[in-house]
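Descriptive structure summary
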Amino acid sequence: MAKLTRAQREWRPGMQKKQRSVKTMFASTVLVCEALLAVFVTLAAFGLKRGEPAVVLGLGAAIAVLCIVNCALLTKKIGFIIGWALQVVFFLSGFILVDMFYLASAFALCWWYALSKGESMDRDNAKRAAAQEAWDQAHPEQA
């Protein structure tokens, strides 16, 4: 039999599932897509001989890994700051591959939208959960 995770071991009947942050999920999705973008841009820059091959491949791999690692940091404020810094790095890579100016602008808009819409959805979910909790306390016989 497979080992149980910590959440499975600590679960008890009637426990509420912790609500995940929509903002974090949206931002993680954008960062994973940007990691793929970093890989493909690196391959394009390598194929077009836009720099020393080892440097181009190394920087591209580092940026792709940073995008993925930053997904884990999105539970803290520093994760979102690093995310904005990555948007700037992607935009500046347009000086190596001109099409990146357009792609980076599109991804920066996606990043901004993920953060703003995710935050508003988290607020709505918190209001809905508070209203449900108040209703459950006011009507214990129906819960």
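Each remark here, short or long, concerns the structure printed above.
Residues numbered from 1 in each chain as written. Predicted model: local features only at pLDDT ≥ 70, side-chain atom pairs only at ≥ 80, totals over all residues. Heavy atoms only, no water.

**Observations concerning the side chain of Ser93**
As a reminder, the rule being used: Numbering of helices and strands runs from the N terminus, with a helix taken as a DSSP run of H or I at least four residues long and a strand as a DSSP run of E at least two residues long. Two N or O atoms form a polar contact when they lie within 3.5 Å of each other; inside protein one atom must be a possible hydrogen donor and the other a possible acceptor, and for residues adjacent in sequence the pair counts only when both atoms belong to side chains.
Take Ser93: it is sitting in the loop between helix H4 (77-92) and helix H5 (100-138). A polar contact is formed between the side chain of Ser93 and the backbone oxygen of Phe90, at a distance of 2.5 Å.

**Thoughts on H4**
The periodicity of an α-helix, 3.6 residues per turn, causes residues three or four places apart in sequence to face the same way. Stated formally: Take the residue count of a helix, subtract one, and multiply by 1.5 Å to get its expected span. Three labels apply to residues, based on accessible area from a 1.4 Å probe with only protein chains included: buried if under 20% of the type maximum, exposed if over 50%, partly exposed otherwise in between. Taken from the helix axis, the directions to the C-beta atoms give the arc we talk about. When checking whether two residues touch, look at their non-hydrogen atoms; a contact exists if any pair is within 4.5 Å.
Its 16 residues place the ends of H4 23 Å apart at the C-alpha level, agreeing with the 22 Å of an ideal helix rising 1.5 Å per residue. Those residues of H4 not exposed but buried are Gly79, Phe80, Gly83, Leu86, Gln87 and Phe90. Each buried residue of H4 lies within a common arc of 110° when the element is viewed along its axis, so the set occupies one face. Buried residues along H4 sit against helix H2 (22-47), helix H3 (53-73) and H5.

**What to know about the environment of Gln19**
Position of Gln19 among the secondary structure elements: in the loop between helix H1 (6-10) and H2. Overall, the relative accessible area of 57% leaves Gln19 in the exposed class. Considered as a pair, Gln19 and Ala126 are 107 residues apart in the sequence and their alpha carbons are 9.0 Å apart.

**Focus on unusual backbone geometry**
In most cases, non-glycine residues show a negative phi, while peptide bonds are predominantly trans. Phi at Lys49 is positive, roughly 55°, even though this residue is not glycine. Residue position: Lys49 is located in the loop between H2 and H3. Given a relative accessible area of 70%, Lys49 falls into the exposed group.

In short, the description is geometric, and any link to function would need to be established separately.
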